[in-house]
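Survey of secondary and tertiary structure
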Amino acid sequence: MRCLVVADLHYSLPQFDWLVSAAPHFDLVVIAGDALDIGSIVDFRAQIVVVRKYLELLAGKTRIILCSGNHDLDERDEAGEKISKWIAALDDLHVAHDGESLTVGDIVFTICPWWDGPRVKEQIGKQLEDAAHAPHPSRWIWVHHAPALNSPTSWGGKRSFGDAELVQWIAAYQPDMVLSGHVHQSPFVKDGSWYDRLGKTWVFNVGQQMGRPPTHIMMDLDQNKAYWFSAYGEQSIDLDQPLHRPAQDITSVPDWLIAVSRATAPAPGPSPEMVPIPSG
Ligand SMILES: [Fe+2]
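Residues numbered from 1 in each chain as written. Predicted model: local features only at pLDDT ≥ 70, side-chain atom pairs only at ≥ 80, totals over all residues.

**Some details on the sheet that holds strand β11 (residues 195-198)**
One open sheet accounts for six strands, arranged β7-β8-β9-β10-β12-β11; its pairing is mixed. Looking at which strands have only one partner, the edges of the open sheet turn out to be β7 (101-104) and β11. Going across the sheet, the axis of each strand differs from the next one's by a mean of 20°, ignoring polarity. By the bridge criterion, three bridges tie strand β9 (residues 139-143) to strand β10 (residues 177-180) in an arrangement that is parallel. From the neighbouring strand, I141 faces β10, where its bridge partner is M177. (Pairing = 2+ DSSP bridges. Helix = DSSP H or I, 4+ residues; strand = E, 2+ residues; numbered from the N terminus. Axes fitted to C-alpha atoms, helices over the stretch in contact; angles between N-to-C directions.)

Next up, the structure:
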């Protein structure tokens, strides 16, 4: 099972275009939050219309998972907490989203919303508790925009921007993996990283860069390998091995990865900028 993970596209249409070209090569594409950008000059309602079109295109090519991030919140609920109503309304597009689980082969993916207050936080706790008690195929992977607190995957250079609740949920339920984004610079700064391990749980933060392609992780979940691609470099880790730093630079590339690279090669033009945009 091959899985492509991106996050924090922040309404970058060149990055969505790249995703459309890459999607057919994967059994699953995970967008781990912040599909939209609240700071964009483009009206939020227009962003929703455009991103829904991209999601429709993507869902016609492979399975898609989308969780909300802090830039995806378009409404407040009755308790006054910010929520992502447009993501909750994606049922018609066959996009697995906030509050749902998706089973692919022997793996269950549980998709968590961004939480802005106690009500949604409690919902996530219940969602994870229910999923933990459901009959499980062999592996359990969560999609949760914010990474874990005090992990290199949430290190911003001066402090951690991670989620303390997530650390407790991981300790309680010990999923096999958590896929995140949110702290754009973590993979690029000293003492930061795109991967970490909390107990038995592998945790990831894809990172963020400008332009096409977005930073991305390609996972071969049959071979248990994760490959991270960015303008900073290309690295891989073996998920069957204990946590080890630094990650290996990719020296031998599997044929399927070469095929993906060829199919998604950027058009001639400037390289992606190396400077990640700030957290959020
Ligand atoms: Fe973000």
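The discussion continues.
**What about the sheet that holds strand β16 (residues 248-249)?**
Spatially, β6-β3-β2-β1-β13-β14-β15-β16 is the arrangement adopted by the eight strands of the open sheet, whose pairing is mixed. Looking along the sheet, the strands with just one partner apiece sit at the ends: β6 (95-97) and β16. Alignment of strand β15 (residues 233-238) against β16, held across two bridges, turns out to be antiparallel. Looking at the pairing, S236 lines up with Q248 of β16.

**A few points about the nonpolar core**
What tends to happen in soluble globular proteins is that the nonpolar side chains get buried as a cluster. In terms of nonpolar packing, the biggest core is built from 74 residues, with V5, V29, V30, I31, I65, L66 and V143 touching the most fellow members. Ignoring sequence-local partners within four residues, the contact set of L66 consists of I31, A35, L55, I87, L90, V95 and H97. (Core = buried A, V, L, I, M, F, W, Y, C linked by C-beta atoms within 7 Å. Buried ≥ 20, exposed ≤ 12 C-beta atoms within 10 Å, placed from the backbone. Contact = placed C-beta atoms within 7 Å.)

**What to know about the environment of F16**
Among the structural elements, F16 can be located in helix α1 (residues 13-22). Distance from F16 to E75, taken between C-alpha atoms, is 24 Å for residues 59 residues apart in sequence. Each residue touching F16, except ones within four places of it in the same chain, is listed here: L9 and Y54.

**So, the confidence of the model for the protein chain**
The predicted coordinates of low-pLDDT regions are not to be read in fine detail. Residues at a pLDDT of 70 or more form 95% of the protein chain, whose mean pLDDT is 93. Within the model, the stretch residues 271-277 combines pLDDT values under 50 with 21 contacts to residues more than four positions away or in other chains. (pLDDT = per-residue confidence, 0-100.)

**Regarding unusual backbone geometry**
Geometrically, the link from R212 to P213 is a cis peptide bond, its omega value of 0° lying close to zero. Along the chain, the position of P213 falls in the loop between β12 (201-205) and β13 (216-220). Following R245, the chain continues to P246 via a peptide bond in cis, the omega torsion being -5°. Mapped onto the elements, P246 comes out in the loop between β15 and β16. With a phi angle near 55°, D8 is a residue other than glycine that sits in the positive phi range. When you line up the elements, D8 lands in the loop between β1 (2-6) and α1. By C-beta crowding, D8 is classed as buried, having 31 other C-beta atoms within 10 Å. Positioned with a positive phi, N150 is a non-glycine residue whose angle comes to about 60°. Counting through the fold element by element, N150 comes out in the loop between β9 and α5 (164-173).

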